[in-house]
Amino acid sequence: YDLIVRSSLMVVTMSPNAFSAALGAAASDTWDSLSEQVFTKLDEDTLSLLTNKDVLRLIRYSHKAKQVKRDEKHVIWHSYDTEDGSEYVAVFNLKETTTLSIDPELCGHETFESVRVIDLWNHTECVNTETEIICDVPTHGAVLYKLIK
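Attention here is on the structure that accompanies the text. Starting afresh in each chain, residues are numbered from 1 along the sequence in its written order. Local features in a predicted model are, by the rule used here, given only for residues with pLDDT of at least 70; side-chain atom pairs are given and counted only at 80 or more, and totals for whole chains, interfaces and linings are based on all residues. The basis for the side-chain values is all heavy atoms of the structure; hydrogens and waters are excluded.

Helix and strand counts for the protein chain come out as three helices and ten strands. Working definition: helices are DSSP H or I runs of at least four residues, strands are E runs of at least two. Numbering for both runs from the N terminus. When the elements of the protein chain are put in sequence order from the N terminus, they spell out β-β-α-α-α-β-β-β-β-β-β-β-β. Buried positions account for 26% of the 149 residues belonging to the protein chain. In the protein chain, once contacts between residues fewer than 6 apart in sequence are set aside, the share between residues at least 24 apart is 47%. With the model as given, the accessible surface of the protein chain reaches about 10100 Å², and the carbon-plus-sulfur share is 54%. Relative accessible area decides the class of each residue, using a 1.4 Å probe on protein chains only: under 20% of the type maximum gives buried, over 50% gives exposed, and in between gives partly exposed. Note on definitions: a residue-residue contact is assigned when non-hydrogen atoms from the two residues lie within 4.5 Å. Computed by Shrake-Rupley with a 1.4 Å probe, the accessible areas treat only the displayed protein chains as cover when residues are assessed.

Turning our eyes to something else, we now look at unusual backbone geometry. One non-glycine residue, Lys-64, adopts positive backbone phi at about 55°. Along the chain, Lys-64 turns up in strand β3 (residues 62–70). Unusually for a residue other than glycine, His-123 sits at a positive phi of about 60°. In this structure, His-123 sits in the loop between β7 (116–119) and β8 (124–125).

In this section: the pairing of strand β10 (residues 142–148). Note on strand geometry: in a regular strand, side chains alternate between the two faces of the sheet. Burial analysis of β10 places five of its seven residues in the buried class, which makes it a mostly covered element. Strand pairing follows a simple DSSP-based rule, namely that at least 2 bridges must link the two strands. Where strand β5 (residues 87–93) lies against β10, six bridges are found, and the strand directions are antiparallel. Opposite Phe-92, over in β10, you have Ala-142 as the bridge partner. Sheet topology note: the β7/β10 ladder contains four bridges and is antiparallel. Of the residues in β10, the one forming a bridge with Arg-116 is Ile-148.

A word on the nonpolar core. Counting residues in each nonpolar core, the largest one holds 16 residues, and the members touching the most others are Val-91, Ile-102, Cys-135 and Leu-147. Elements with a contribution of two residues or more to this core: β5, β6 (98–102), β9 (133–137) and β10. The contacts of Cys-135, once residues within four sequence positions are left out, are Val-91, Thr-98, Thr-99, Leu-100, Ile-102, Val-143 and Tyr-145. For our purposes a nonpolar core is just a set of buried Ala, Val, Leu, Ile, Met, Phe, Trp, Tyr and Cys residues, chained together by side-chain atoms within 4.5 Å. Membership of the second largest hydrophobic core comes to seven residues, among which are Val-55, Tyr-88, Ala-90 and Leu-120.

Nonpolar side chains (Val, Leu, Ile, Met, Phe, Trp, Tyr) are joined into patches within 5 Å and like charges within 9 Å, using only residues with over 30% relative accessible area and no salt bridge. The working definition used for a salt bridge is a side-chain nitrogen of Lys or Arg within 4 Å of a carboxyl oxygen of Asp or Glu. Residues Trp-77, Phe-92 and Leu-94 make up a contiguous nonpolar surface patch of roughly 250 Å² in combined accessible area. Considering the arrangement of structural elements, one finds Trp-77 in strand β4 (residues 74–81).

Inspection of the secondary structure assignment puts Ser-86 in the loop between β4 and β5. Taking C-alpha positions, Ser-86 is 9.4 Å from Ser-62, a pair spaced 24 residues apart along the chain. Looking at Ser-86, its side chain comes within polar contact range of the side chain of Asp-84, at 2.6 Å. Think of a polar contact as two N or O atoms within 3.5 Å of one another; within protein, one of them needs to be a possible hydrogen donor and the other a possible acceptor, and neighboring residues in sequence only count if both atoms come from side chains.

We now examine the side chain of Glu-87. Residue placement: Glu-87 occurs in strand β5. With a relative accessible area of 2%, Glu-87 lands in the buried category. Side-chain polar atoms of Glu-87 contact the side chain of His-78, separated by 2.6 Å. There is a polar contact of 2.8 Å between the side chain of Glu-87 and the side chain of His-109. Setting aside anything within four residues of it in sequence, one finds Glu-87 in contact with His-78, Ser-79, Tyr-80, Cys-107, His-109, Tyr-145, Lys-146, Leu-147 and Lys-149.

Read these as geometric descriptors, not functional statements.
And the structure:
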């Protein structure tokens, strides 16, 4: 079967496979052009947020996400990584800048002994003890951690 594409200027006859290939190439070129225009108009902070490989991994492999604490000052969520067995903790500050400690029980642990805590926004290792993770959360801001055993 031939596929006929008509425009006001010409008639093109090609096989469906050739048409699909041509359409795919055109779509790829269009996406490349569009993405270049979009990403060059973003400031560096926004671009780094949208392309953060650690956060994109969380979006892809996180499961069993649940809110583990909520009060008038903070909301804390916890989830698991389906691929590497690590965990994620997100802390949202609903009030002024504060230092907050996260107890291991909120994440289903008896202790944080031998747990590395990585800040996914800054790619830095955080301060934690056997009994708590200590985090500074900006006013009305959020922090996102990966817990690695």
